[in-house]
Amino acid sequence: MVSRQTIPRLQYLIRPKEIYNLGAQSHVKVSFELSEYTAQVDALGTLRLLEAVRTAGLEKETRIYQASTSELYGKVLEVPQNEKTPFYPRSPYACAKLYGHWIVVNYREAYGMFACNGLLFNHESPRRGENFVTRKITRGVAKIQLGLMSHLEMGNLDSKRDWGHAKDYVEAMWLILQQDEPEDFVVASGEAHSVREFIEKAFACVGRGVVWRGEGVHETGHDKHTDQLLVKVNPKYFRPTEVDLLLGDASKAKQKLGWTNKTTFEELVKDMVEADLELMKKNPEA
């Protein structure tokens, strides 16, 4: 593990032109259980990186991208959310990221550093961690289809998110650091879909329709043709404070960066399901 004292020296020796700070404890539910660790990594970690660049005397040479997050909007005060929408974080993760966001702005204004925040809405891919809801769904669908699992257990089915493909969003990260002046940008698809919709699209990729029965914690999803139980709600997956809807307005990114979201919601889900089917066929224990 690299010590805090070593970081400025490494910065001075390497003299990076661009730094992308993607390091974080980024799981919202886990942040309630590991709130102090989340703050150390997501909040103070960002400060240490900025201070390392400044201490190494690279504040005029090194461009810094900070992975900010749509979770800052939390209990949203307007729909859709853009760069001027007020923040209302609803988790230790979002609160830690709020510090990271504003310390980037502070160092930019105080020291003239080229430091930018990318307010990225949910960006997914087959490489997403298995404890995140999208990957949990696609892994589960693959396992159910291959007879390796009986059903999915989910939390809030009606929570809505603005989901895009990580490959598109990484392009936006790079574009943010290629501008003449440092600014913050919202990066989003501009579409909101519920967890329920994601589940339906994922099962559709393997030729299954889902019908829903019951309400609340008693709601279940069944195979349209065989009546097999596919989904049930488990309250243990509910957040202590829920974020019901996130929907981004990336107009600024489109105008100033020339960026567009190229991958549709359906293409994203299909990519993830197909990748997990291949993974489970090769390694059922994965």
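Because the structure is a prediction, the values reported are computed rather than measured. (Residues numbered from 1 in each chain as written. Predicted model: local features only at pLDDT ≥ 70, side-chain atom pairs only at ≥ 80, totals over all residues. Heavy atoms only, no water.)

> Kindly report on the packing of aromatic side chains, identifying the contributing residues and their values.
Counted under the stated rule, the structure contains 9 aromatic pairs. Geometrically, the ring pair formed by tyrosine 20 and tyrosine 65 is tilted, given 5.9 Å between the ring centres and 40° between the ring planes. Of the two residues, tyrosine 20 is situated in strand 1 (residues 18–21) and tyrosine 65 in strand 2 (residues 63–69); the sequence distance between them amounts to 45 residues. Take tyrosine 65: its relative accessible area is 0%, and that puts it in the buried class. Feature note: the residues Tyr73, Phe87, Trp102 and Phe121 constitute an aromatic cluster, connected by ring pairs. The ring of tryptophan 212 has arginine 196 sitting right over it, with the charged end atom 4.9 Å from the ring centre. (Phe/Tyr/Trp six-rings, centres within 6.5 Å; stacked < 30°, edge-to-face > 60°. Helix = DSSP H or I, 4+ residues; strand = E, 2+ residues; numbered from the N terminus. Buried < 20%, exposed > 50% of the residue type's maximum accessible area, 1.4 Å probe, protein only. Lys NZ or Arg CZ within 6 Å of the ring centre and 35° of its normal.)

> For the sheet that holds strand 2, give the residues involved together with the corresponding values.
Sheets are built from strands paired through backbone hydrogen bonds, the pairs being either parallel or antiparallel. Here 4 strands make up an open sheet; going across it, the order is 1-2-3-8 and the pairing parallel. Across the chains shown, the open sheet's two edge strands, defined by having one partner strand only, are strand 1 and strand 8 (185–187). Along the sheet, successive strands turn relative to each other by an average axial angle of 25°, direction set aside. As defined by bridge partners, strand 3 (residues 114–120) adjoins strand 8 across 3 bridges and the pair is classed as parallel. Across the sheet, the residue bridging to leucine 120 is valine 187, located in strand 8. Against the sheet, helix 3 (residues 35–55) engages strand 1, strand 2 and strand 3, with an angle of about 170° to strand 1. (Pairing = 2+ DSSP bridges. Axes fitted to C-alpha atoms, helices over the stretch in contact; angles between N-to-C directions. Contact = heavy atoms within 4.5 Å.)

> Give a detailed account of the pairing of strand 12 (residues 229–233), specifying residues and quantitative values.
Both strand 5 (residues 152–154) and strand 12 contribute to a ladder of 3 bridges, which runs parallel. Bridging from a neighbouring strand, glutamate 153 pairs with lysine 232 of strand 12. Direction of pairing for strand 11 (residues 220–223) relative to strand 12: antiparallel, over a ladder of 3 bridges. Counted as the bridge partner of threonine 220 is lysine 232 from strand 12.

> Pulling in residues and values, what's your account of the side chain of serine 159?
Mapped onto the elements, serine 159 comes out in the loop between strand 5 and strand 6 (160–161). A polar contact of 3.2 Å, which involves the side chain of serine 159, links it to the backbone oxygen of valine 243. (Polar contact = N/O pair within 3.5 Å; in protein donor to acceptor, adjacent residues only side chain to side chain.)

> Provide a residue-level description of the packing of helix 3 against helix 4 (residues 92–111), including the pertinent values.
Relative to each other, helix 3 and helix 4 sit at 15°, their axes nearing to 8 Å. It follows from the interaxial angle that helix 3 and helix 4 lie roughly parallel. The crossing of helix 3 and helix 4 is right-handed. Where helix 3 approaches helix 4, its residues Ser35, Thr38, Ala39, Asp42, Ala43, Thr46, Leu47, Leu50, Glu51 and Arg54 are matched on the opposing element by Pro92, Tyr93, Ala96, Lys97, Tyr99, Gly100, Ile103, Val104, Tyr107 and Tyr111. Split by residue class, the contact of helix 3 with helix 4 holds 12 nonpolar, 4 polar and 4 charged. (Parallel < 35°, antiparallel > 145°, perpendicular 65-115°, else oblique. Left-handed = near helix turned anticlockwise from the far one by under 90°. Nonpolar A, V, L, I, M, F, W, Y, C, P; charged D, E, K, R; others polar.)

> Lay out helix 3 with the relevant residues and their values.
Here helix 3 is 21 residues long and its end C-alpha atoms lie 28 Å apart, about the 30 Å a rise of 1.5 Å per residue gives. The sharpest bend along helix 3 measures roughly 40° and falls at leucine 44. Among all positions in helix 3, only Thr38, Asp42, Ala43, Thr46, Leu49, Leu50, Ala52 and Val53 are buried. Trailing helix 3 by a residue or two, glycine 57 shows a phi angle of about 75°, which is positive. (Expected span 1.5 Å × (residues − 1). Bend = angle between axes of the 7 residues up to and from the residue.)

> Before we move on, could you go through unusual backbone geometry and cite the residues and values that matter?
Residue proline 80 is bonded to the preceding valine 79 through a cis peptide linkage, with omega at -5°. With respect to the secondary-structure elements, proline 80 resides in the loop between strand 2 and helix 4. Here aspartate 227, not a glycine, exhibits a phi torsion of approximately 70°, which is positive. Tracing the sequence through the fold places aspartate 227 in the loop between strand 11 and strand 12.

> Just give me the short version of the environment of arginine 63, but keep the residues and values in it.
Take arginine 63: it is sitting in strand 2. Residue classification places arginine 63 among the partly exposed positions, given a relative accessible area of 26%. As a C-alpha pair, arginine 63 and glutamate 124 span 61 residues in sequence and 25 Å in three-dimensional space. Side-chain polar atoms of arginine 63 contact the backbone oxygen of glutamine 179, separated by 2.9 Å.

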